[in-house]
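# Residue-level structure breakdown
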Amino acid sequence: MNKKPNEMTIVEAASTLRSKELKVSDLWDACSEAVKTKNPKLNAYLEIFDADNAAITAAQKRVDAGDESLLCGIPLAIKDNILIEGKIASAASKMLANYRATYDATVIKKLKDAGALFLGRTNMDEFAMGSSTEHSAFGATKNPHDISRVPGGSSGGSAAAVAAHLAIAALGSDTGGSIRQPAAHCGIVGLKPTYGAVSRSGLIAMGSSLDQIGPLAKTVEDTRILYDAIRGIDALDATTIPDGLYGAPPPAGGPRNLRIGIPQHLLKEVIDADMRAAFDATLDVLARHGHTLVDIELPMSVYALAAYYIIMPAEVSTNLARLDGMRYGLATRGRMLLDDYVLSRTEGFGEETRRRILLGTFVLSSGYIDAYYRKADAVRIVLRREYDAAFSKVDVIAFPTTPSPAFMFGEKSDPLSMYLGDIFTVTANLTGMPAISVPMGYVERGGEKLPIGIHFTAPHQAEDALFAIGEAVEKTNNN
Amino acid sequence: MAATAKDVKKLAALARIKVTDAEIEKFTNEFDAILDYVGQLEKLNIPRNLGKEKPPLRNVMREDGAPHASCVYTGKLTEQFPARLPAQAGEGGHLVVKQIISYE
C-alpha cells in the first residue's frame with residue numbers, strides 16, 4: 001500500500017476495507033491523527049469529534065458481512081451549517097456558538113444509514129456568506145497549497161480538509177458557488193446538485209431558493225458516490241423533487257461524446273491570462289478526445305451576478321430575522337424586549353452578515369422592491385429560458401470556475417471585489433441547474449503552484465452529464 | 001440609486017441591528033458601490049408580463065397524518081432556550097418571556 005489511509009479516495013478506502021488490509025478503526029485513526037496534527041495550522045475544522053466506537057464497530061460488522069454501501073466506515077467532514085443531532089451547529093457565527101442540534105439533517109440521516117462516520121464540523125464563512133472563510137467568527141481557514149492564501153468559501157473548511165487529506169470526503173453547501181469555488185481553489189471536485197435534488201432539511205438556511213447541499217471529494221467518482229447517498233425526495237423539504245421531473249433521465253452512463261457549449265463573449269477580459277490558457281488547453285484536449293466544442297451566446301448572463309446580489313441578500317435578511325435571541329442561540333438581555341432583539345443581533349452577527357441583512361432589507365423595502373427585487377426575479381426567469389434554449393444545442397456549458405486562483409488573505413477587503421469573483425458560479429443557483437467544478441491543473445503565483453478548476457453546468461437533473469464530462473477532464477489531467 | 005447615511009440608519013433600525021457611526025459611514029460608501037453595480041438591471045428592458053407568468057412551482061400536498069404525542073420533544077427543545085428556562089422547571093414546560101408593553 002503506497003498511500004496512507006487518510007490519503008485514499010472513498011473507492012480506494014472501501015476496497016481496502018473489504019480486502020481486510022485495513023480495519024475501519026485504522027482508517028478512522030489515520031484520519032483523526034492527520035486532523036490533530038495538521039488542523040492547528042489550517043483551521044479547517046471548528047470541532048474535532050471523539051471517535052464514536054459504537055458506530056465504528058457497527059461499520060466494521062457491516063463491512064465484514066459484505067455490505068455494499070461504499071460509504072460504510074468512511075470518515076467524512078461536515079460543514080458547520082448541517083445539523084448532526086447532539087452536536088453544535090454554529091454556522092461559524094457567534095449567534096449560534098452554543099446551539100446544539102436537536103435532530104439530524106436528512107443528509108446526515110442518510111449518511112448514518114450508509115454507515116459513514118463523522119470526523120468533525122468544518123469552518124465556513126458566517127452563515128455561508130463569503131468566498132474566503134475570512135468571515136468566520138472563529139478565524140479563517142488556510143489554503144493547504146499556500147497558507148498565505150484563502151481556501152475559498154464559504155465551504156472553505158470542507159475543501160481544505162479534503163485537499164489536505166484530513167477527511168476522505170466532505171459535505172458543503174452552495175448558494176452562489178460555495179462548494180465549487182473552494183473546490184477549485186483547493187484542487188478538488190465539488191458538485192452543486194439540481195435545486196431540489198438534495199433535501200435542505202437540517203441545513204441552516206441562507207438563501208432558500210438558491211441553497212443546495214453537495215459533496216466535495218478527491219475524484220469525480222467519489223463525488224458521485226456521495227451525491228447518490230444524499231439525494232432523493234424528502235417529506236421534510238417540500239422543494240425536493242422526484243426523479244424524472246424534468247423529463248426522462250438520459251440513458252445510463254450518458255452520451256459518450258458530449259457537446260460542450262462555450263460562451264466566448266462572457267470570457268473576455270475578466271479572466272487571468274494563464275487561467276484562460278489552461279481553460280482553452282483543457283477544452284482542446286477534450287475536443288481531441290471526441291467531444292464537440294460549440295460557441296454559444298448567453299446575453300442575459302452578464303446580469304446574473306447583479307440579480308444574484310439582489311435576490312440573495314433579500315432572502316438572507318428574511319431567513320436571519322428568526323435569530324433574535326428568543327428561541328435559541330445568543331441571548332443578550334436589555335431592559336425591554338426590543339433591546340433584547342437589538343443587543344442579541346448586534347452582538348451575534350459579524351460584519352458581512354450585517355451588511356447583507358441591511359442590503360436585503362433595502363432591496364425589499366417599499367419604493368425599491370420593484371426596481372430591485374422584482375426586476376432581479378424577472379432576470380432570473382429570462383436567464384433560465386436562455387439556458388434552456390442553449391441546452392437544445394449542447395449537453396453542458398463550460399466556464400473556468402473562478403476568474404483567478406486563490407487570493408491572499410485581506411486582498412479583497414472591499415466587499416464588491418469579493419462578490420465579483422462569483423461571476424461564473426451564481427448562474428447555476430439562479431437557474432437551479434446542477435454544476436460541477438473539476439481540477440484543471442495549476443497556475444503559479446508568487447512562486448507557489450495554485451490549483452484551478454473548470455466548471456460545467458448541465459440541464460436540471462442531468463448530473464450524469466456532469467460526471468461524464470468531469471471524468472473526461474480527469475483523464476486529460478492524467479495524460 | 002445612492003444610499004445615504006440616513007437610509008442606512010433606518011435600515012438598521014428595521015433590521016433590529018445597532019450600527020456605530022463609523023460603520024454607518026463605511027456601509028454607506030460600500031452600499032453606493034454595490035447598489036451602483038446591481039443597479040445595472042434598471043436599464044434592462046424586460047417584458048412587463050414576464051414575472052406574472054405561472055412560475056415553475058408545484059403545490060406539494062400530503063394527507064393529514066396523526067401527529068406525534070404532545071410534549072415528546074419539549075425537553076430536548078427547551079434545552080436550547082437556556083436564557084428562557086424558568087427557574088423552577090416544570091409547570092408544563094412554560095418559558096419565561098420578557099415584558100412587552102411598557103408602562104411609561
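What counts and what doesn't
Residues numbered from 1 in each chain as written. Chains lettered and ligands numbered in written order. Predicted model: local features only at pLDDT ≥ 70, side-chain atom pairs only at ≥ 80, totals over all residues. Heavy atoms only, no water. UniProt positions renumbered as here; feature names shortened; annotations may be inferred. Helix = DSSP H or I, 4+ residues; strand = E, 2+ residues; numbered from the N terminus. Buried < 20%, exposed > 50% of the residue type's maximum accessible area, 1.4 Å probe, protein only. Areas by Shrake-Rupley, 256 points an atom, 1.4 Å probe, with all protein chains shown as cover. Contact = heavy atoms within 4.5 Å. Polar contact = N/O pair within 3.5 Å; in protein donor to acceptor, adjacent residues only side chain to side chain. Expected span 1.5 Å × (residues − 1). Arc of directions from axis to C-beta. Buried area = accessible area lost by both parts, 1.4 Å probe. Salt bridge = Lys/Arg side-chain N within 4 Å of Asp/Glu carboxyl O. Phe/Tyr/Trp six-rings, centres within 6.5 Å; stacked < 30°, edge-to-face > 60°. Lys NZ or Arg CZ within 6 Å of the ring centre and 35° of its normal. Lys, Arg positive; Asp, Glu negative; His and termini not counted. Axes fitted to C-alpha atoms, helices over the stretch in contact; angles between N-to-C directions. Parallel < 35°, antiparallel > 145°, perpendicular 65-115°, else oblique. Left-handed = near helix turned anticlockwise from the far one by under 90°. Nonpolar A, V, L, I, M, F, W, Y, C, P; charged D, E, K, R; others polar.

- Looking at an unreviewed UniProt entry, one finds chain B named Asp-tRNA(Asn)/Glu-tRNA(Gln) amidotransferase GatCAB subunit C.

- Looking at an unreviewed UniProt entry, chain A carries the name Glutamyl-tRNA(Gln) amidotransferase subunit A.
- Its UniProt record gives chain A the following Sequence similarities (unreviewed entry) comment, quoted word for word: "Belongs to the amidase family. GatA subfamily."
- In its Function (unreviewed entry) section, the UniProt record describing chain A reads: "Allows the formation of correctly charged Gln-tRNA(Gln) through the transamidation of misacylated Glu-tRNA(Gln) in organisms which lack glutaminyl-tRNA synthetase. The reaction takes place in the presence of glutamine and ATP through an activated gamma-phospho-Glu-tRNA(Gln)."

## Here we look at the overall build of chain B
- Check the secondary structure of chain B and you find three helices and zero strands.
- Beginning at the N terminus, the succession of helices and strands in chain B can be written as α-α-α.
- Within chain B, the fraction of its 104 residues that count as buried is 28%.
- Working note: accessible area of chain B is about 8200 Å², and carbon and sulfur atoms make up 56% of it.

## Details of the UniProt feature "active site" (unreviewed entry) in chain A
All names here are of chain A.
- In the numbering used here, UniProt assigns the feature "active site" (unreviewed entry) to Lys 79, Ser 154 and Ser 178. For the annotated residues, spread through 100 residues, the largest C-alpha to C-alpha distance comes to 11.1 Å, consistent with a single compact locus.
- In this structure, Lys 79 sits in strand 2 (residues 75–79).
- Residue classification places Lys 79 among the buried residues on the basis of a relative accessible area of 1%.
- Leaving out residues up to four positions away in the same chain, Lys 79 has contacts with Thr 122, Met 124, Ala 128, Ser 154, Ser 155, Ser 158, Leu 171, Gly 172, Ser 173 and Ser 178.
- Residue placement: Ser 178 occurs in the loop between strand 4 (169–174) and helix 6 (180–186).
- A distance of 2.8 Å separates polar atoms of two side chains, one belonging to Ser 178 and the other to Ser 154.

## Some remarks on helix 3 (residues 53–64) of chain A
Residue and element names in this part refer to chain A.
- Across its twelve residues, helix 3 extends 16 Å between first and last C-alpha, which sits within 8% of the 16 Å expected from 1.5 Å per residue.
- What helix 3 keeps buried is the set Ile 56, Ala 59, Gln 60 and Val 63. Buried residues of helix 3, seen end-on, are gathered within an arc of 100° and therefore sit on one face of the element. Across helix 3 from its buried face, at more than 90 degrees, point the exposed residues Ala 54 and Lys 61.
- On its buried face, helix 3 is in contact with helix 1 (10–18), helix 2 (24–42) and strand 3 (117–122).
- Phi turns positive one or two residues past the end of helix 3, at Gly 66, with a value near 85°.

## Section: the interface of chain B and chain A
- The partner chain A presents 59 residues to the 44 residues of chain B that form the contact.
- Carbon and sulfur atoms make up 68% of the area that chain B and chain A hide from each other, which totals about 4700 Å².
- The largest contributions to the chain B side of the interface with chain A come from Arg 16, Leu 41 and Gln 80 of chain B, which together make up 14% of the buried area.
- Along the contact surface separating chain B from chain A lie four salt bridges.
- A salt bridge links Glu 351 of chain A to Lys 26 of chain B; its shortest N-O distance comes to 2.5 Å.
- Every element with two or more residues in the side of chain B that touches chain A is listed here: helix 1 (5–14), helix 2 (21–38) and helix 3 (74–78) of chain B.
- Of all the elements, helix 2 of chain B adds the most residues to the side of chain B that touches chain A, at ten residues.

## Points about the packing of aromatic side chains
Residues and elements named next belong to chain A.
- Tallied over the entire structure, the rule returns eleven aromatic pairs over all chains.
- Here Phe 127 and Phe 349 contribute two aromatic rings whose centre-to-centre distance is 5.9 Å and whose plane-to-plane angle is 70°, an arrangement assigned as edge-to-face. Remark: Phe 349 occurs in the loop between helix 10 (337–348) and helix 11 (351–364) and Phe 127 occurs in the loop between strand 3 and helix 5 (156–163); sequence separation between them is 222 residues.
- Among the residues examined, Phe 349 registers a relative accessible area of 2% and is labelled buried.
- Through pairs of rings, three or more aromatic residues link up here, namely Tyr 308, Tyr 309 and Tyr 419.
- We note Lys 87 situated over the ring of Phe 49; from NZ or CZ to the ring centre the distance is 4.4 Å.
- The ring centre of Tyr 442 lies 4.7 Å from the NZ or CZ of Lys 449, which sits over that ring.

## Some details on the side chain of Asp 234 of chain A
All names here are of chain A.
- Here Asp 234 shows up in the loop between helix 7 (220–230) and strand 7 (259–262).
- One buried charged residue, Asp 234, forms no salt bridge at all, with the nearest opposite charge on Lys 109 at 6.0 Å.
- There is a polar contact of 2.5 Å between the side chain of Asp 234 and the side chain of Thr 106.
- For Asp 234, the residues in contact, after removing those within four places along its chain, are Thr 106, Ser 199, Ser 201 and Thr 240.

## Side note on the pattern of salt bridges
- Here the structure, examined in full by the defined rule, presents 25 salt bridges over all chains.
- Residues Asp 80 of chain A and Arg 121 of chain A are paired through a salt bridge, measuring 3.0 Å at the closest nitrogen-oxygen approach. Taken together, the residues Asp 80 of chain A in the loop between strand 2 and helix 4 (106–113) and Arg 121 of chain A in strand 3 connect sequence positions 41 residues apart.
- Between Arg 333 of chain A and Asp 340 of chain A there is a salt bridge, and its shortest N-O distance comes to 3.2 Å.
- A relative accessible area of 0% places Asp 340 of chain A in the buried class.
- Beyond isolated ion pairs, a larger network of salt bridges with shared partners links Glu 351, Glu 352, Arg 355 and Arg 356 of chain A together with Lys 26 and Glu 30 of chain B.

## Comments concerning the packing of helix 9 (residues 304–319) of chain A against helix 12 (residues 370–390) of chain A
All names here are of chain A.
- Put simply, helix 9 and helix 12 touch, their axes get as near as 9 Å, and they point 125° apart. Considered as vectors, helix 9 and helix 12 are oriented oblique to each other. Here the hand of the crossing between helix 9 and helix 12 comes out left-handed. Facing Ala 304, Ala 307, Ile 310, Ile 311, Ala 314 and Glu 315 of helix 9, the residues of helix 12 in contact are Tyr 372, Tyr 373, Ala 376, Asp 377, Val 379, Arg 380 and Leu 383.
- Broken down by class, the residue content of the contact of helix 9 with helix 12 amounts to ten nonpolar, no polar and three charged.

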